[in-house]
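# Geometric and topological summary
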Amino acid sequence: MARIGVFVCWCGANIASTVDVESVAEAASRLPGVAFATDYKYMCSDPGQKAILEAAQEHRLDGLVVAACSPRMHEPTFRQVAAEAGINPFRMQMANIREHCSWVHADREEATAKALDAIRMMVARVAQSEPLEPIKVPVTRRALVIGGGVAGIQAALDVADGGVETILVERTPSIGGKMAGLDETFPTLDCSQCILTPKMVDASRSEFIKLYTYCEVEKVDGSVGNFKVTLRKKAKYVNHELCNGCGDCFHKCPYKKIPSEFDYGVGNRTAIYVPFPQAVPNKPVIDRETCVFFKTGKCRACEKVCLRNAIDFEQEDEFEEIDVGAIIVATGYDILEPAEMAEFRYGAIPDVITGLQFERMSSASGPTEGKIVRPSDGEEPKVVVFVHCVGSRDENYKEYCSKICCMYNAKHAIILKHRIHDAQAYLFYIDVRAGGKGYEEFWKRACVEEGAEYLRGRVSRLYDENGKVIVEGQDTLSGEQVEVVADLVVLATAMVPAKGTEEMARILGVSTDKDGFFNEAHPKLRPVDTATGGIFLAGACQAPKDIPESVAQGSAAAAKALGLLTKEEITREPTVAVVDPFICTGCWNCVTVCPFGAPEKSEITMTIDGRKVTRPVSEINEGKCEGCGLCVASCPGNCIDQRGFSDDQVYAELGGYLERLRAALTHE
Amino acid sequence: MKFSYYPGCTLHSTGAEYDQSVRAVCHTLGIELVEIPGWGCCGATSAHSVNELLAYALPAHTITNATEEAIAAPCAACYNRLRYTDVNLRENASLRAEVEKALDRPYRAGVAVRHLLDIIANDVPGEEIQAKLQGTLGGLKVVCYYGCLLTRPKKVAAFDDMEEPRSMDRLMQLCGAEVLDWPHRVVCCGAAFSLSRTDIVRHMTGKLLTSALRAGAEAVVVACPMCQSNLDLRQPAILKERGVRERVPAVYFTQLLGLALGHSAKALGFRKIMVDTSSLLARVEAGREAPAEAEG
């Protein structure tokens, strides 16, 4: 007979006010297999833990049931206590009588009976529990960073700084991300490129960073410590080993009117192109979709002019498989397509642009060389309206606040005044949210020193009239409807997860929230972890963020990855599937259903009727098994069991649940 | 197709030509309308400004009286109040209990409340309408005006894009009108302020009219008797105030559809429109003489 100890927690009044903890402990002490039961005000506290240790010694316990909160809260705590008491941690179970009982019930009598049910179930289960030892797995000391924006660059630099090899993958031809396209940055008005490009160069020069641009993550297998990642290196049609980045090819390219992705269509690029002059790597790629040669079979102008014979029209996408121990996801954001919000008539009126387009225009290295102009006629705008919360904080589009727009609108208003002294900025806002170091002072400066006119209210409609943009809106402070006749309107559109985030989440096996951003493991205490071990988050792929926050999160994710990668080996939960080779017929059903590739095709040799027989059987790779139970449930021969969740344990637990019902029926 | 018909107060009075043209068009298109027995006022703006329970109970009374599975409402304000009530009574059990107490009978949930434009534009196949056309609108230049209540709020009323609806545009194109783009298709006309704050209505409707004229419209096509009356009755005064000499009649979509389907201007109540429609009708007449060129 087992010698199980039951410890019933009051959780202050959380449990004790609804559950009669004393009578529960008393009843538990009479359950079969229970050698000792008691209750205490805070079982997780130091004296509570001590009480368990003492009882374990005094009553020679070999199993524990802690009736308290959710195992998500304190299972690690009490497993540790079990280990200290010399009891195998997997012979400790928590009966959740808080979240599953006291918090959701009002009737004291029924809640008390339910709490005892939960304890009876766990006692029956522990009695059937085998001691288990954690699985140790070696760690691959290499990190993968997905996304080469400022968050990804920072993460890669910091991991590399720890002496760990890092692979930085970027899907566009250059690293730098959105930040590389910005003009000056709030709240200090330092030039974005001036502070970012040195980091980009550092990343490309670091001996520990391998840069893969124009490259996408195709597939991710494995688990924490040992991921196997397939990369698709998209064909660049330029041999970067030979190319020296002289630029002759794109100057010669006859097809020059392709709207530049980097300039958000404000400027153009050629078919063979470097997205911007400070790109890293500063070597071109050919865009197959727009290249005349790929369309008609004629041209090859770039090939003719290249002295190093670097152009290679025969190139194809290549696949490379890499092993990494940790993955940092920094896939960033895009903006909500303003054309989806018809009231702003974006696309219909040329002088209605987005904030990012304004950035490219005001950037000294942008297509207009820093001159702010109306796209319709190239004239200098004198009245510019900036619209906050376009698609953000709007129940019709995105409910959330995009966080950075208040600050960059203030910045745009300041930049406008600096470039066109007699220009007037009007800003339609809901609230000005300026939480951040120097942020409040910054928008005040826009307002007080730079003369920006803030109108508290939303814009209802834009339309064009005689070459001007009429902005209709409200000023809720004066209670008046207002109409501004503008030369240029700039929309601060909502930040949304980058295109392809959903697909990336599927590839990585991590979840996204209602708005499509990646889910962190805990909103406060684990902001850069995902629920999947070894996969971390950085930057705006998790929620809208500005540059300082993205950089901080990049460094935080790097610290988490280094913490993992500097270990020799990691321990994994031993609650994995196990095959009974004597009854397995090798049908490979488990191989088909497993999403992690854990069941492997193997063989067993046995002696039957004096003859040696070798036959195929399935074997579980413990390093890959996530313990999800799919193979266990779907094995047609019932030859797979799961450690810690064996049939014996589960049936015993069920029996414990049905006990009260059985007793009631027998009584009648 | 059979619908419970909810004309609302206006279609029995100032909007009689809307009622006339709705019945004519529906008859031709095979839409059977059964007027709701004992229907009452929807409460309009007044009810929800003074008493919330009344604002729900009035439409609930009419919905519960419906004999068919779906209600066809031609007035945008009626449609909006009925939809608003239905959505809220379905979602809010305690509100529903309160309303049922006021009604003294159970609320009939499950009746679909539809605007007549939605039914004609989205339920009747375009080919079917096209087959019944007796001529075209002869390229009459129109702007489609949906008003503010037909598609808002999105979660309650929108059967089309909230900000850029197109169902009426498609219908008018089908009838051979040249539909012009304009930015004011869902902007408020001032509505019931017509009586209490005419200055507001003059300002708001004035914007609509000048925008329609600037676009080059020969008619503003409407789907709401309130909008129609503001655009029509006050037009001479408003445009005179703004120094504009041209006029642009505001007509119901059912009137233009009716013309294309071969009904007479008289049967469609055109004479009840205050702004002169004679040149509009002459244009359509000319189009009728040279039919067959159906667009699609």
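Residues numbered from 1 in each chain as written. Chains lettered and ligands numbered in written order. Predicted model: local features only at pLDDT ≥ 70, side-chain atom pairs only at ≥ 80, totals over all residues.

## Some details on the overall build of chain A
- Counting its secondary structure elements, chain A contains 18 helices and 34 strands.
- In terms of its C-alpha atoms, chain A occupies a principal-axis envelope of roughly 90 × 75 × 45 Å.
- Per-residue burial for chain A yields a buried fraction of 46% across its 668 residues. (Helix = DSSP H or I, 4+ residues; strand = E, 2+ residues; numbered from the N terminus. Buried ≥ 20, exposed ≤ 12 C-beta atoms within 10 Å, placed from the backbone.)

## What to know about the overall build of chain B
- The helix and strand tally for chain B stands at 16 helices and eight strands.
- Here the C-alpha radius of gyration of chain B, 19 Å, is about what a compact globule of 296 residues would show, namely 19 Å.
- Dimensions of chain B, computed from C-alpha atoms along their principal axes, come out at roughly 60 × 45 × 30 Å.
- Long-range contacts, defined as pairs at least 24 residues apart, comprise 79% of the intrachain contacts of chain B with a sequence gap of at least 6. (Rg over C-alpha atoms; globule rule 2.2 N^0.38 Å. Contact = placed C-beta atoms within 7 Å.)

## Remarks on the interface of chain A and chain B
- Opposite the six residues of chain A that make contact, chain B presents seven residues.
- For the side of chain A that touches chain B, the residue count by class is two nonpolar, one polar and three charged. (Nonpolar A, V, L, I, M, F, W, Y, C, P; charged D, E, K, R; others polar.)

## Thoughts on the nonpolar core
- Within the largest apolar cluster, 142 residues are counted, with the highest numbers of intra-cluster contacts made by I328, V329 and V489 of chain A.
- Ranked by residues supplied to this core, first place goes to helix α12 (residues 405–419) of chain A with nine residues.
- Not counting residues within four places of it along the chain, the set of residues in contact with V329 of chain A comprises I146, G147, L508, F518, I535, F536, L537 and C541 of chain A.
- Counting residues in hydrophobic clusters, the runner-up holds 98 residues, among them Y56, L89, L116 and L149 of chain B. (Core = buried A, V, L, I, M, F, W, Y, C linked by C-beta atoms within 7 Å.)

## Focus on the domain arrangement of chain B
All names here are of chain B.
- Taken domain by domain, chain B holds domain 1 (2–117) and domain 2 (133–289).
- Computed from C-alpha coordinates alone, the two centres of domain 1 and domain 2 are separated by 24 Å.
- On the domain 2 side, the residues contacting the 24 residues of domain 1 number 28 residues.
- Per-element accounting of the side of domain 1 that touches domain 2 gives the leading share, nine residues, to helix α2 (residues 16–29). (Domains from an automatic or database assignment.)

## Quick notes on the sheet that holds strand β20 (residues 352–354) of chain A
All names here are of chain A.
- Read from one edge of the open sheet, five strands run β20-β27-β21-β22-β23, paired in parallel fashion. In this open sheet, the two edge strands, each paired with only one partner strand, are β20 and β23 (453–456). Across this sheet, the average inter-strand angle for adjacent strands is 25 degrees, counted without regard to direction.
- Strand direction decides the pairing type here: strand β21 (residues 383–390) and strand β22 (residues 424–429), joined by five bridges, are parallel. Bridging from a neighbouring strand, V387 pairs with F428 of β22.
- With respect to the sheet, α12 is in contact with β21, β22 and β27 (488–493), its orientation differing from that of β21 by roughly 175 degrees. (Pairing = 2+ DSSP bridges. Axes fitted to C-alpha atoms, helices over the stretch in contact; angles between N-to-C directions.)

## Side note on the environment of A348 of chain A
- With respect to the helices and strands, the residue A348 of chain A is situated in the loop between β19 (333–335) and β20.
- As for A348 of chain A and D475 of chain A, which are separated by 127 residues in sequence, their C-alpha atoms are 26 Å apart.

## Looking at the pairing of strand β3 (residues 70–73) of chain B
Residue and element names in this part refer to chain B.
- Two strands pair when backbone bridges link them, and strand β1 (residues 2–5) and β3 are joined in this way by two bridges, in the parallel orientation. Each residue of the ladder has a partner; that of S4, found in β3, is I71.
- Relative to strand β4 (residues 112–115), β3 runs parallel, the two sharing four bridges. What sits directly across from I71, in β4, is V113.

## Some remarks on the environment of E164 of chain B
- Here E164 of chain B shows up in the loop between α9 (154–157) and α10 (167–174).
- Taking the number of C-beta atoms within 10 Å as the measure of exposure, E164 of chain B has 18 and is therefore partly exposed.

## Observations regarding the sheet that holds strand β2 (residues 32–35) of chain B
Residue and element names in this part refer to chain B.
- Reading across from one edge, β2-β1-β3-β4 is the order of the four strands in this open sheet, with parallel pairing throughout. Two strands lie at the open edges of the sheet, namely β2 and β4, each paired on one side alone. Strand-to-strand twist across the sheet, computed as the mean angle between neighbouring axes with direction ignored, equals 40 degrees.
- One ladder, built from four bridges, connects β1 with β2; its direction is parallel. Within β2, the residue paired with S4 across the bridge is V34.

## A look at helix α11 (residues 355–362) of chain A
Residue and element names in this part refer to chain A.
- Within α11, eight of the eight residues are buried, which leaves it mostly tucked inside the rest of the structure.
- All of the buried residues along α11 are G355, L356, Q357, F358, E359, R360, M361 and S362.
- Buried residues in α11 make contact with β19, β20, α12 and β27.

## Quick look at the environment of G269 of chain B
All names here are of chain B.
- Looking at the secondary structure, you find G269 in the loop between α15 (253–260) and α16 (278–289).
- Spatially, the C-alpha atoms of G269 and S21 are 7.0 Å apart, while their sequence positions differ by 248 residues.
- The contact partners of G269, leaving out residues within four places of it in the chain, are A16, E17, Q20 and S21.

## Here we look at the pairing of β23 of chain A
All names here are of chain A.
- Summarising the sheet, β22 and β23 pair through four bridges and their orientation is parallel. Of the residues in β23, the one forming a bridge with Y426 is E453.
- For the crossover from β22 across helix α13 (residues 439–448) to β23, the handedness is right-handed. (Right-handed = clockwise from strand over helix to strand, strands pointing away.)

## With respect to unusual backbone geometry
Residues and elements named next belong to chain A.
- Cis geometry marks the peptide bond from F186 to P187, where omega comes out at -5 degrees.
- The topology assignment puts P187 in the loop between β8 (184–185) and β9 (190–191).
- Omega for the peptide link from V280 to P281 comes to 0 degrees, which places this bond in the cis form.
- Considering the arrangement of structural elements, one finds P281 in the loop between β15 (272–273) and β16 (285–286).
- Non-glycine residue Y237 carries a positive phi angle of around 60 degrees.
- Tracing the sequence through the fold places Y237 in the loop between β12 (226–233) and α8 (248–252).
- Its 24 C-beta neighbours within 10 Å are what place Y237 among the buried residues.

## A few points about the packing of α12 of chain A against α13 of chain A
All names here are of chain A.
- Remark: α12 packs on α13, axes separated minimally by 9 Å, with the N-to-C direction vectors making an angle of 40 degrees. By the angle between their directions, the pair α12 and α13 is classed as oblique. Considering the relative orientation of α12 and α13, their crossing is left-handed. Between α12, through C406, M407, A410, A413 and I414, and α13, the contact on the second element is made entirely by Y439, F442, W443, R445 and A446.
- Residues belonging to the contact of α12 with α13 are distributed by class as follows: nine nonpolar, no polar and one charged. (Parallel < 35°, antiparallel > 145°, perpendicular 65-115°, else oblique. Left-handed = near helix turned anticlockwise from the far one by under 90°.)

## Regarding helix α1 (residues 21–28) of chain A
Residues and elements named next belong to chain A.
- Along α1, the positions that sit buried rather than exposed are V21, V24, A25, A27 and A28. The buried residues of α1 occupy one face: seen down the axis, they fall within an arc of 165 degrees.
- Along its buried surface, α1 packs onto β1 (4–9), β2 (34–40) and α5 (108–127). (Arc of directions from axis to C-beta.)

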